[in-house]
2 protein chains.
Amino acid sequence: MFQERLRAAQNGVQAALDAALAARAEVPIIHAMRYALTGGKRLRAFLVLESAALHGIAADGAMPAAAGVEALHAYSLVHDDLPAMDDDDLRRGQPTVHVAWDEATAILAGDALQTLAFELCCDPMLGPAERRVDLVRALALASGAEGMVLGQALDMAAETAPRALTLEEVIALQAGKTGALIGFAATSGAILAGADTAPLAAYARALGLAFQIADDILDVEGDPAKAGKKLGKDAGANKATFVSLLGLSGAKDRARSLVEEAEAALAPYGSAADTLREAARFVVERDA
Amino acid sequence: MFQERLRAAQNGVQAALDAALAARAEVPIIHAMRYALTGGKRLRAFLVLESAALHGIAADGAMPAAAGVEALHAYSLVHDDLPAMDDDDLRRGQPTVHVAWDEATAILAGDALQTLAFELCCDPMLGPAERRVDLVRALALASGAEGMVLGQALDMAAETAPRALTLEEVIALQAGKTGALIGFAATSGAILAGADTAPLAAYARALGLAFQIADDILDVEGDPAKAGKKLGKDAGANKATFVSLLGLSGAKDRARSLVEEAEAALAPYGSAADTLREAARFVVERDA
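Residues numbered from 1 in each chain as written. Chains lettered and ligands numbered in written order. Predicted model: local features only at pLDDT ≥ 70, side-chain atom pairs only at ≥ 80, totals over all residues. Heavy atoms only, no water.

### Brief notes about the overall build of chain A
Consideration 1: The number of helices and strands found in chain A is 15 helices and two strands.
Consideration 2: Expected size for 288 residues packed as a compact globule is a radius of gyration near 19 Å; at 18 Å, chain A falls within 12% of this value.
Consideration 3: Referenced to the eigenvectors of the C-alpha coordinate spread, the extents of chain A come out at roughly 50 × 50 × 30 Å.
Consideration 4: Burial analysis of chain A (288 residues in total) assigns 55% to the buried set.
Consideration 5: Counting contacts in chain A only where the partners sit at least 6 residues apart, residues at least 24 apart contribute 73% of the total.
Consideration 6: With an accessible surface of roughly 11,100 Å², chain A has 53% of that area assigned to carbon and sulfur atoms.
Consideration 7: Taken as two groups, the 26 positive and 39 negative side-chain charges of chain A have centres that lie 2 Å from each other. (Helix = DSSP H or I, 4+ residues; strand = E, 2+ residues; numbered from the N terminus. Rg over C-alpha atoms; globule rule 2.2 N^0.38 Å. Buried < 20%, exposed > 50% of the residue type's maximum accessible area, 1.4 Å probe, protein only. Contact = heavy atoms within 4.5 Å. Areas by Shrake-Rupley, 256 points an atom, 1.4 Å probe, with all protein chains shown as cover. Lys, Arg positive; Asp, Glu negative; His and termini not counted. Charge placed at Lys NZ, Arg CZ, Asp CG, Glu CD.)

### Points about the relation of the copies chain B and chain A
Consideration 1: Once chain B is rotated about the relating axis by 180 degrees and shifted along it by 0.0 Å, it coincides with chain A to within an RMSD of 0.0 Å. Seen this way, the second copy is the image of the first under a two-fold rotation axis.
Consideration 2: When the interface residues of chain B are mapped onto chain A, 100% of them again fall at the interface, so both copies present the same face. (Least-squares fit on C-alpha atoms with pLDDT ≥ 70 in both.)

### A closer look at the packing of aromatic side chains
Consideration 1: For the coordinates displayed, the defined rule picks out seven aromatic pairs over all chains.
Consideration 2: Ring geometry for B:F2 versus B:F282: centroids 4.9 Å apart, planes at 45 degrees, classification tilted. A residue pair is termed long-range when its members are at least 10 positions apart, and B:F2 in helix α1 (residues 2–22) and B:F282 in helix α15 (residues 274–285) qualify at 280 residues. Of the two residues, B:F2 and B:F282, both sit in the buried class.
Consideration 3: Relative to B:W101, the ring of B:Y35 has its centre 5.1 Å away and its plane inclined at 80 degrees; by these criteria the two rings are edge-to-face. You can see B:Y35 sitting in helix α2 (residues 28–36) and its partner B:W101 sitting in the loop between α5 (97–100) and α6 (103–120), a full 66 residues away along the chain.
Consideration 4: What makes B:Y35 partly exposed here is its relative accessible area of 27%.
Consideration 5: A connected cluster of aromatic rings, assembled from ring pairs, spans A:F2, A:F46 and A:F282. (Phe/Tyr/Trp six-rings, centres within 6.5 Å; stacked < 30°, edge-to-face > 60°.)

### A few points about a negative patch on the surface
Consideration 1: Among the surface-exposed residues, A:E130, A:D134, B:E130 and B:D134 lie close enough to one another that they form a single negatively charged patch.
Consideration 2: When contributions to the negative patch are tallied by element, the ones reaching two or more residues are α7 (129–143) of chain A together with α7 (129–143) of chain B.
Consideration 3: Position of A:E130 among the secondary structure elements: in helix α7.
Consideration 4: Judged by its relative accessible area of 40%, A:E130 falls in the partly exposed class. (Patch = residues over 30% accessible without salt bridge, like charges linked within 9 Å, V, L, I, M, F, W, Y side chains within 5 Å. Salt bridge = Lys/Arg side-chain N within 4 Å of Asp/Glu carboxyl O.)

### So, the interface of chain B and chain A
Consideration 1: Every contact between the two is made by 40 residues of chain B and, on the other side, 40 residues of chain A.
Consideration 2: Taken together, the two surfaces of chain B and chain A that pack against each other cover about 3,400 Å², and 77% of this comes from carbon and sulfur.
Consideration 3: Our count for the contact surface shared by chain B and chain A stands at zero salt bridges.
Consideration 4: Linking chain B with chain A are six residue pairs in polar contact (both at pLDDT 80 or more), by the criterion used here.
Consideration 5: If you list the elements that add at least two residues to the side of chain B that touches chain A, you get α2, α4 (63–80), α6, α7 and α8 (148–159) of chain B.
Consideration 6: In terms of residue count, the dominant contributor to the side of chain B that touches chain A is α6(B) (ten residues).
Consideration 7: Class assignment for the residues of the side of chain B that touches chain A results in 26 nonpolar, six polar and eight charged. (Buried area = accessible area lost by both parts, 1.4 Å probe. Polar contact = N/O pair within 3.5 Å; in protein donor to acceptor, adjacent residues only side chain to side chain. Nonpolar A, V, L, I, M, F, W, Y, C, P; charged D, E, K, R; others polar.)

### Let's talk about the pattern of salt bridges
Consideration 1: Using the criterion set out here, one finds 22 salt bridges over all chains in the structure.
Consideration 2: Where A:R163 meets A:E169, a salt bridge forms, and the shortest distance between an N and an O atom there is 2.9 Å.
Consideration 3: Judged by relative accessible area, A:E169 falls into the partly exposed class, the value being 30%.
Consideration 4: Salt-bridge contacts for B:R91 lead to B:D81; the nearest nitrogen and oxygen are separated by 2.8 Å. Note that B:R91 is positioned in strand β1 (residues 90–91) and B:D81 in the loop between α4 and β1, a separation of ten residues in sequence.
Consideration 5: Residue classification places B:R91 among the partly exposed positions, given a relative accessible area of 23%.
Consideration 6: Put simply, A:D155, A:K177 and A:K239 are held in one network by salt bridges that share partners.

In structure tokens, the structure reads:
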């Protein structure tokens, strides 16, 4: 069930992103944006669509938000890969945007992808204006200087810090860097329905942390060919990760207990949330 | 009248921006954002407030939009100044963000300033949700890959092009790079009131072009101490500018006729738009 629905989300969101860029001028910046929007697991889009489904909103009525969160995520990857940031050459098995084009194009394409994310969240398909404003505001809070960007800034600061981060600091960093946007995605259906976001926010907190722990485990144990990016970088950089802080088996234990926590948070939705429960298990069991 | 109202806009928008950042965590990224938001002419904020006043909206009911457009503008300056872009060390008489901090901080601060702009445009002070969604969408269209970012991308492409741009190409470039955001600012009051944006859009088109021509003239004739940035760069770089394409006196003539065009576009508003008329004259007569 989960795999089918993930695949449907992947296809649906790719079509929506293609459509959003189809009408634009054929300039290099648009090519770079399209390139950056290709591939990926589309976990965030999937979460938007599942969250919407839980609240009786069909895929069409949530797809622009799913496309928006993927555009926002893509912008963050393009900028994080820049030489002045993580300096990565490979992403999703392909040269990063600043390698395929140049730094200026990567900065601008990232900028325009962020803009596109907010534009998509205004789409009338998403329902009443009140809900769309709530959605735009939630996306801004999740991705800005108190959310995703703060997490990335803490990550940069950690690289030149005199000591490695503590577990609490790594958790705070990841809550911003990856957690905030996952939280937005998972609660977006509730936002669009004007419903309580608390259960899905709790689910997303556990899921986001489990996701990051799994990433750290894959960085040590994963197959670079499947990951489509360089692995072992964090360990080489002597960076505090969940594996360095908890040990490999401690990290795996923590990931498993977070999956249970995520599943438990979905109790109010009963079996309607089974796909989201499966997603939580997938996140820690994936091999890429 | 214009000078007083511009000063009021400057003070009001600075207070709004300070308030927006006051509650945030005191991390370097917030310091860099605050630094990038300091100073400047605040022409865009002024246009938002005047456009609102023309439609019976008091300053309080438009201030978050004025702050938003200045946050968006500040993000564009921080990113444009980066080494991979225009590589400028000085802005508003101060070291640019990447000089005062580092490139990573400048990229992230710019990113978070863009996010802040969209957050501010969701502020309930701006009125009904329908209008706020329209405002967010207009800001996204003005600043994205078919507006400001496109203009900047065309500008970057021109630097390595085998020939200098034609007048039509420079006009198209500037319509994106500076014109789109000025257009957003000038029409925002009409958007918030649900009124016709066409007269103010026409005013902004002429004003934005006049503004850019005046900039090119200042680049040749201006006083670097007053400008707070390096001048003569474009001429030195053999870049097509309105001065290189029209000659100094031709550029001045064009700027003057654009001011007349801008003033004429305001006819539907009668004397209520006198401050905007004064603003158009100021834009070409300023010495910095």
